[in-house]
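Here is what each chain is made of, one letter per residue.
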Amino acid sequence: MWYAIEGYDAPGMLAVRLAARPAHLSRLVELREQGRLLLAGPCPAIDAEDPGPAGFSGSIVIAEFDALDAARAWADADPYVLQAVYARVDVRPFRRVLP
C-alpha cells in the first residue's frame, strides 16, 4: 500500500537540513530503485522554487510499504528525523487515484 509521509521542519534548521540532505536523498534513491517511490520533495517556506535563506517548511514522500508500521519505522529512521530537522512527522495511508 502507498503511504504519505509528511515531515514538518523545526524553525532554524536549514543548515542542519542541508548537511543531512545527502543521507536523506540516498534513502529515497533506494526506494526509487526498488520501484516503491511515487514522489518526494521539499516544501519551500516561501512561494519560490529556490527559497534561499527562507528554507523549507517540510517535505512530502509518498512511497509503498507493506504496512503502516513499516512506513512509520522507515520515517523514524530518516536522517532529517535523527538530526531533528523535522519537528513532527505524520504518516498515513495514501490511495493513489491519478495519474
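Provided above is the structure to which this section pertains.
Analysis parameters
- Residues numbered from 1 in each chain as written.
- Predicted model: local features only at pLDDT ≥ 70, side-chain atom pairs only at ≥ 80, totals over all residues.
- Heavy atoms only, no water.
- Pairing = 2+ DSSP bridges.
- Helix = DSSP H or I, 4+ residues; strand = E, 2+ residues; numbered from the N terminus.
- Axes fitted to C-alpha atoms, helices over the stretch in contact; angles between N-to-C directions.
- Buried < 20%, exposed > 50% of the residue type's maximum accessible area, 1.4 Å probe, protein only.
- Contact = heavy atoms within 4.5 Å.
- Phe/Tyr/Trp six-rings, centres within 6.5 Å; stacked < 30°, edge-to-face > 60°.
- Lys NZ or Arg CZ within 6 Å of the ring centre and 35° of its normal.
- Core = buried A, V, L, I, M, F, W, Y, C linked by side-chain atoms within 4.5 Å.

Student: Help me understand the sheet that holds strand β1 (residues 2–9), please; the structure alone is not making it clear to me.
Tutor: The strands making up a sheet associate through backbone hydrogen bonding, with each pair oriented either parallel or antiparallel. Across the sheet, which stays open at both edges, the four strands sit in the order β2-β3-β1-β4 with antiparallel pairing between neighbours. Unpaired on one side and paired on the other, β2 (37–44) and β4 (86–94) mark the two borders of the sheet. The average undirected angle you get between the axes of adjacent strands in this sheet is 10 degrees. Examined bridge by bridge, β1 and strand β3 (residues 56–64) share seven bridges and lie antiparallel to one another.

Student: Which parts of the structure should I look at to understand the environment of Leu-39?
Tutor: Looking at where Leu-39 falls in the secondary structure, it is placed in strand β2. Judged by its relative accessible area of 40%, Leu-39 is partly exposed. Note: C-alpha distance between Leu-39 and Leu-25 (14 residues apart in sequence) is 12 Å. Ignoring any residue separated from it by four or fewer positions in sequence, one finds Leu-39 in contact with Ile-60, Val-61 and Ile-62.

Student: Help me understand the packing of aromatic side chains, please; the structure alone is not making it clear to me.
Tutor: The way to describe two aromatic rings as a pair is by their centre distance and the angle between their planes. The tally for this structure, following the rule as stated, stands at three aromatic pairs. Taken together, a centroid distance of 5.8 Å and an interplanar angle of 50 degrees make the contact between Phe-65 and Trp-74 tilted. Trp-74 carries the same exposure label as Phe-65, and that label is buried. Pairwise contacts between aromatic rings join Tyr-3, Phe-65 and Trp-74 into one cluster. Positioned above the aromatic ring of Trp-74, the side-chain terminus of Arg-27 is 4.1 Å from the ring centre. Above the plane of the ring of Tyr-8 lies Arg-88, whose end atom (NZ or CZ) is 4.0 Å from the centre.

Student: When you look at the nonpolar core in this model, what are you seeing that I'm missing?
Tutor: General note: in soluble globular proteins, nonpolar side chains tend to be found buried as a group. Residues Tyr-3, Ile-5, Leu-28, Leu-31, Val-61, Ala-63, Phe-65, Ala-71, Trp-74, Ala-75 and Val-91 constitute the largest nonpolar core, which totals 11 residues. Counting only elements with at least two residues in this core, the list comes to β1, α1 (14–33), β3 and α2 (68–76). The residues touching Phe-65, leaving out its near neighbours within four places in the chain, are Met-1, Tyr-3, Ile-5, Leu-31, Arg-36, Ala-70, Ala-71 and Trp-74.

Student: Explain unusual backbone geometry here, please?
Tutor: Among all residues except glycine, the phi angle is most often negative; among peptide bonds, the trans geometry is most common. Note that the residue after Leu-98, namely Pro-99, is joined by a cis bond; omega there is -10 degrees. Along the polypeptide, Pro-99 turns up in the segment after β4.

Student: I keep staring at the side chain of Ser-59 and nothing clicks. Help me out?
Tutor: Mapped onto the elements, Ser-59 comes out in strand β3. Here Ser-59 is in contact with Ile-5, Glu-6, Gly-7, Arg-17, Gly-41, Pro-42, Cys-43, Tyr-80 and Tyr-86, once residues within four sequence places are set aside.

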